[in-house]
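# Overview (structure and organization)
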Amino acid sequence: MYWKENGEIFTNPDRNLESIDDWPPLPYHLVDIDKCVMVTEFGSRTINYVSSYGCPYRCSFCSEVTVNHRSWVGLSPELVLDDLEKLQNKYQINGVNLYDSLFFVNVKRAKAILMGIIDRGLTLRLGNVDGRAKQLAEADDELWELLRESRTYSILCGAESGDQESLDVIDKDMDVEDNYKFAEKCRKYGIKVIFSTLVGIPILNYTHQELEKKTDGQISSTIKMLDEFLSFDSRNRGQMFIYMPYPGTPLYDTAVKLGFQEPKELEGWAHMKLYDKQTPWVTPEQAQMVSMISSYIFMFLDSDTILWAKERIKNPTKKLFFVWAYKLFAGIARFRWKYKLFGFPLDYQLFLFAKRNNKSI
Ligand code: SF4
């Protein structure tokens, strides 16, 4: 915490993460639960839930490293299961969107939670459970069996890149090959994966021209990797983001050295948008292409999208029109992906216009 007294700036030292088991249970009765539920592919009444904080890994682009200093703390399996049971029985929740930075840090604990879901007969489904490709590729069959038996719907995985040099630069501590092994495991056990990836990564001593070329390489190698993964299961989904420098992260200084212009005031950070390019070595064309692939093409390639999106529209006429328009755009997106045609994004612009006017997309 920072504060100012008589013009002087004071700061408290960072606190360590402390056990959260002794904290009082979340007071769900104080909020209107119906305002917190949403339709997802794994539940008509899905709620966000956090069972742990932090992450012990050291990915140099990630805010976890700075915020929680590579520490981790998780609620005991019993308390997580009590929460899930309450959410299901008292609030009719049937889908839980796990918002942990990394759910599988303590595999014994993860197994106990999955086992508890089975033993207590809970029918709600976990989705978007965050996991590392290398750790899960190497996990034993017991964990994978439990994921299947507990009907865990999907895993969100920071695959990051199909380019090994990029994985090394961000200290991902894994090989591209680990992504392939992990994707195969998910295919074998019937679990959907959301593969999150990153391009435009800064590399020290590269010129802007070299970084621009490297970004092209990151995009093409990642597309090649995702092309294969998406073919494993029509529900699999890709995500592609442009590197965004977060203050305090190990990669931030590199980005500044390479020419990233830091906002001079706090307000400047408020204008940073997810798909905007923030660094000079990413070209506007690359930024537009990444944005189109991630927020448009990947969305339509995911066979689950239509299921939840149409359920969010209540008006029957609007729903009919939505389904018709969806099929049209999905056809174009699939054609673009099949032939890797990302130029002349008129359909994408039209989609963005429709999205601005329809909050259910
Ligand atoms: S990217 Fe994922 S694994 Fe890496 S530090 Fe962040 S939360 Fe942990």
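So, how was this worked out
- Residue positions are counted from 1 within each chain, in the order its sequence is given.
- Totals for whole chains, interfaces and linings use every residue, but because this is a predicted model, local features are given only for residues with pLDDT of at least 70 and side-chain atom pairs only at 80 or more, for both listing and counting.
- At least two DSSP bridges between two strands are needed for those strands to be called paired.
- Under the scheme used here, helices are H or I runs from DSSP no shorter than 4 residues and strands are E runs no shorter than 2 residues, and both carry numbers assigned from the N terminus.
- Helix axes are fitted only over the stretch in contact, all axes being lines through C-alpha atoms; the angle between N-to-C directions runs from 0 to 180 degrees.
- Residues are defined as contacting one another if the C-beta atoms placed from their backbone atoms lie within 7 Å.
- To estimate how far a helix should extend, the number of its residues minus one is multiplied by 1.5 Å.
- What we call the bend at a residue is the angle made by axes fitted to the seven residues finishing there and the seven residues starting there.
- Labels follow a simple rule on C-beta atoms placed from the backbone: if 20 or more others lie within 10 Å of a residue's own, it is buried; if 12 or fewer, it is exposed; otherwise it is partly exposed.
- Domain start and stop positions are those given by an automatic or database domain assignment.
- Ten residue types, Ala, Val, Leu, Ile, Met, Phe, Trp, Tyr, Cys and Pro, are classed as nonpolar, four, Asp, Glu, Lys and Arg, as charged, and the remainder, Gly among them, as polar.

Right, let's talk about the sheet that holds strand β11 (residues 192–199) for a bit. If you trace the 4 strands from one edge of the open sheet to the other, you get β9-β10-β11-β12, paired in parallel fashion. Lying at the two open borders of the sheet, with one neighbouring strand each, are β9 (129–131) and β12 (237–242). Ignoring strand direction, the axes of neighbouring strands in this sheet form an average angle of 25 degrees. Pairing analysis gives 6 bridges linking strand β10 (residues 154–160) to β11, with the strands arranged parallel. Bridged to S154 within β11 is K192. Its contacts with the sheet place helix α8 (residues 208–232) against β11 and β12, and it is angled at close to 175 degrees to β11. Packed onto the sheet, helix α11 (residues 284–301) meets β11 and β12 and runs at close to 155 degrees relative to β12.

Helix length check: α11, at 18 residues, gives a terminal C-alpha distance of 24 Å against a target of 26 Å (1.5 Å per residue), a fit within 8%. Residue I293 marks the point of greatest curvature in α11, where the axis turns by about 35 degrees. Regarding α11, the residues found buried are M289, V290, S291, M292, I293, S294, Y296, I297, F298, M299, F300 and L301. For α11, the secondary structure elements touched by its buried residues are β11, α8, β12, α12 (305–311), α13 (316–339) and α14 (346–356).

Once that is clear, we can look at the environment of Q92. By the element assignment, Q92 lies in the loop between α2 (77–91) and β7 (95–98). For the pair Q92 and G116, spaced 24 residues apart in sequence, the C-alpha to C-alpha distance is 18 Å.

A separate point is the domain arrangement of the protein chain. Splitting the protein chain by domain gives domain 1 (21–281) and domain 2 (304–361). Its C-alpha centre places domain 1 at a distance of 25 Å from the equivalent point of domain 2. In this assembly, 6 residues from domain 1 lie in contact with 6 residues from domain 2. Broken down by class, the residue content of the side of domain 1 that touches domain 2 amounts to 2 nonpolar, 2 polar and 2 charged.

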